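Here's the letter readout for the chains.
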Amino acid sequence: MIDTARRLVREEGTDALTLGRLAELAGVTKPVVYDHFETRNGLLVALYRDYDARQTAIMDAALAACAPTLPARADVIASAYVGCVLTQGQEIPGVAAALVGAPEMDALKRGYQASFIARCRAILEPFTEGGSLALAALWAMLGAADAVSDASARGEITKEEAVEELLRTILSMVERGRPSR
């Protein structure tokens, strides 16, 4: 049902996504959809979770395959983040926009942001040579990742420009986290 919901959002937009319409397109009865998601917000949250799980799997696979160096790890983070946003097009921003004001969305988004920041800290902090990454710097990196990804999705900059700028931001953040010499 998630794949069908994703396709519906991609083809017709978030406003077209209702539990009844999903049941019709998925070839199941409405009670099946309502039992699974309960509400439209429940369905939207499930879509957001699915997106995050797919983004995490892509990044994990790329990290497992890359060299254990700072440039390689930083490039994976930058490429995976921008690439996932571009792959999703406007589906996830539409889903997130539809959930604005919903308490479950704010908690979900904050949880995923905190998890992503924690993962990046664990991946990058070993390269600070005994230093540490400030939480504010990690939040700034996430803000930069969102901004360049969105700009690339709108066609204002290329994917390559977005990845390169995010990569530079990450490398600079790690450099600032190293102890003074």
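Throughout this document, residue positions are counted from 1 along each chain, in the order its sequence is written. Per-residue local features are limited, in this predicted model, to residues with pLDDT of at least 70; the limit for side-chain atom pairs, both in listing and counting, is 80 or more; totals at the level of whole chains, interfaces and linings are taken over all residues. To obtain the side-chain values, all non-hydrogen atoms of the structure were used and water was disregarded.

Student: When you look at the layout of surface pockets in this model, what are you seeing that I'm missing?
Tutor: It is a probe the size of a water molecule, rolled over the atoms, that shows where empty space is left. Looking at the largest pocket, its volume works out to about 630 Å³. Listing elements by their share of the lining of the largest pocket, those giving two or more residues are α4 (40-65), α5 (70-88), α6 (91-98), α7 (103-124) and α8 (135-153). Under the scheme used here, helices are H or I runs from DSSP no shorter than 4 residues and strands are E runs no shorter than 2 residues, and both carry numbers assigned from the N terminus. The dominant element in the lining of the largest pocket, judged by the number of residues it contributes, is α7, at eight residues. Note on residue classes: Ala, Val, Leu, Ile, Met, Phe, Trp, Tyr, Cys and Pro are nonpolar, Asp, Glu, Lys and Arg are charged, and everything else, Gly too, is polar. Partitioning the lining of the largest pocket into residue classes produces 13 nonpolar, seven polar and six charged. Method remark: on a 1 Å grid restricted to protein atoms, a set of points is classed as a cavity if a 1.4 Å probe fits but cannot get out and as a pocket if it is open with protein on both sides within 12 Å along at least five of seven lines; lining residues have an atom within 4 Å of a point. Grid points are joined across faces, edges and corners, and a volume is the space filled by probe spheres set on the points.

Student: Explain the pattern of salt bridges here, please?
Tutor: Opposite charge on two side chains makes pairing possible when the charged atoms of those side chains draw close. Note on definitions: salt bridges are taken to be side-chain nitrogens of Lys or Arg within 4 Å of carboxyl oxygens of Asp or Glu. Following the criterion strictly, the structure yields 12 salt bridges and no others. Measuring nitrogen to oxygen at the nearest pair gives 2.6 Å for the salt bridge that ties Asp3 to Arg6. Here Asp3 and its partner Arg6 are both found in helix α1 (residues 2-12), three residues apart, which amounts to about one turn of the helix. Think of it in three bands: with a 1.4 Å probe and only protein chains considered, a residue is buried below 20% of the maximum accessible area for its type, exposed above 50%, and partly exposed in between. Overall, Asp3 belongs to the exposed group, its relative accessible area being 51%. Its relative accessible area of 16% is what places Arg6 among the buried residues.

Student: I'm lost on empty space enclosed by the protein in this one. Help?
Tutor: Counted according to the given criterion, the structure contains one cavity of 30 Å³ or more. Taken together, Ala5, Arg6, Val9, Leu47, Gln88, Glu91, Ile92 and Val95 make up the lining of the largest cavity.

Student: Is there a simple way to explain the nonpolar core in this structure?
Tutor: A general trend in soluble globular proteins is that nonpolar side chains are found buried together. Residues belong to a common nonpolar core when they are buried Ala, Val, Leu, Ile, Met, Phe, Trp, Tyr or Cys residues joined through side-chain atoms within 4.5 Å. If you look at the biggest cluster of nonpolar residues, it comprises 58 residues, and the most contacted ones within it are Leu124 and Leu166. Ignoring any residue separated from it by four or fewer positions in sequence, one finds Leu124 in contact with Leu70, Ala74, Ile77, Leu133, Ile170, Met173 and Val174. In what follows, a contact means two residues having at least one pair of non-hydrogen atoms within 4.5 Å.

Student: Hey, could you run me through the packing of aromatic side chains in this one?
Tutor: Any pair of aromatic rings gets described here by the distance separating the centres and the angle formed by the planes. Pairs were defined over the aromatic rings of Phe, Tyr and Trp, the Trp ring being its six-membered one, requiring ring centres within 6.5 Å. Orientation was assigned from the angle between planes: stacked under 30 degrees, edge-to-face over 60, tilted for the rest. If you walk through the whole model with that rule in mind, you get two aromatic pairs. Their ring planes at 35° and their centres at 5.9 Å tell us that Tyr48 and Tyr112 sit as a pair that is tilted. Taken together, the residues span a long stretch of sequence, with Tyr48 in helix α4 and Tyr112 in helix α7 at a distance of 64 residues.

Student: Explanation requested: helix α9 (residues 159-177) in the structure shown.
Tutor: An α-helical segment advances 3.6 residues per turn. Residues three or four places apart therefore align on the same side. With 19 residues, α9 extends 27 Å from end C-alpha to end C-alpha; this agrees with the ideal 27 Å at 1.5 Å per step. Along α9, the residues classified as buried are Ala162, Val163, Leu166, Leu167, Ile170, Met173, Val174 and Gly177. The buried residues of α9 all sit within an arc of 130° when viewed along its axis, so they share a single face. Exposed side chains of α9 directed beyond 90 degrees from the buried face belong to Glu160 and Arg176. Buried residues belonging to α9 abut α5, α7 and α8. The span expected for a helix works out to 1.5 Å for each residue beyond the first. For this quantity, the arc is that covered by the directions from the helix axis to the C-beta atoms.

Student: Can you help me understand the environment of Ala162 in this one?
Tutor: Residue placement: Ala162 occurs in helix α9. By relative accessible area, Ala162 is classed as buried at 0%. Along the chain, Ala162 and Asp146 lie 16 residues apart, while their C-alpha atoms are 9.9 Å from each other. In this view, Ala162 contacts Val82, Val148, Ser152 and Ile157; residues no more than four positions away in its chain are not counted.

Student: I tried to follow the packing of α1 against helix α2 (residues 19-26) on my own but got confused; where do I start?
Tutor: Each pair of packed helices can be summarised by the angle the axes make with each other and by the distance between the axes. Helix axes are fitted only over the stretch in contact, all axes being lines through C-alpha atoms; the angle between N-to-C directions runs from 0 to 180 degrees. Running from amino to carboxyl end, α1 crosses α2 at an angle of 110°, the nearest separation of the two axes being 10 Å. In terms of their interaxial angle, α1 and α2 are classed as roughly perpendicular. Handedness of the α1/α2 crossing: right-handed. When α1 is examined against α2, the residues Thr4, Ala5, Leu8 and Glu12 are found in contact with a partner set consisting of Arg21, Leu22, Leu25 and Ala26. The class makeup of the residues in the contact of α1 with α2 is five nonpolar, one polar and two charged. Put simply, angles under 35 degrees are roughly parallel, angles over 145 are roughly antiparallel, angles from 65 to 115 are roughly perpendicular, and the rest are oblique. Crossings are classed by handedness, with left-handed meaning an anticlockwise turn of the near helix from the far one by less than a right angle and right-handed meaning a clockwise turn.

Student: Please explain the packing of α5 against α9 as it appears in this structure.
Tutor: Closest axis-to-axis distance for the α5/α9 pair is 9 Å, and the angle between their directions is 140°. The orientation of α5 relative to α9 falls into the category oblique. Regarding α5 and α9, the two cross each other, and that crossing is right-handed. Contacts between α5 and α9 involve Leu70, Pro71, Ala74, Asp75, Ile77, Ala78, Ser79, Tyr81, Val82, Gly83 and Leu86 from the first element and Lys159, Ala162, Val163, Leu166, Leu167, Ile170, Leu171 and Val174 from the second.

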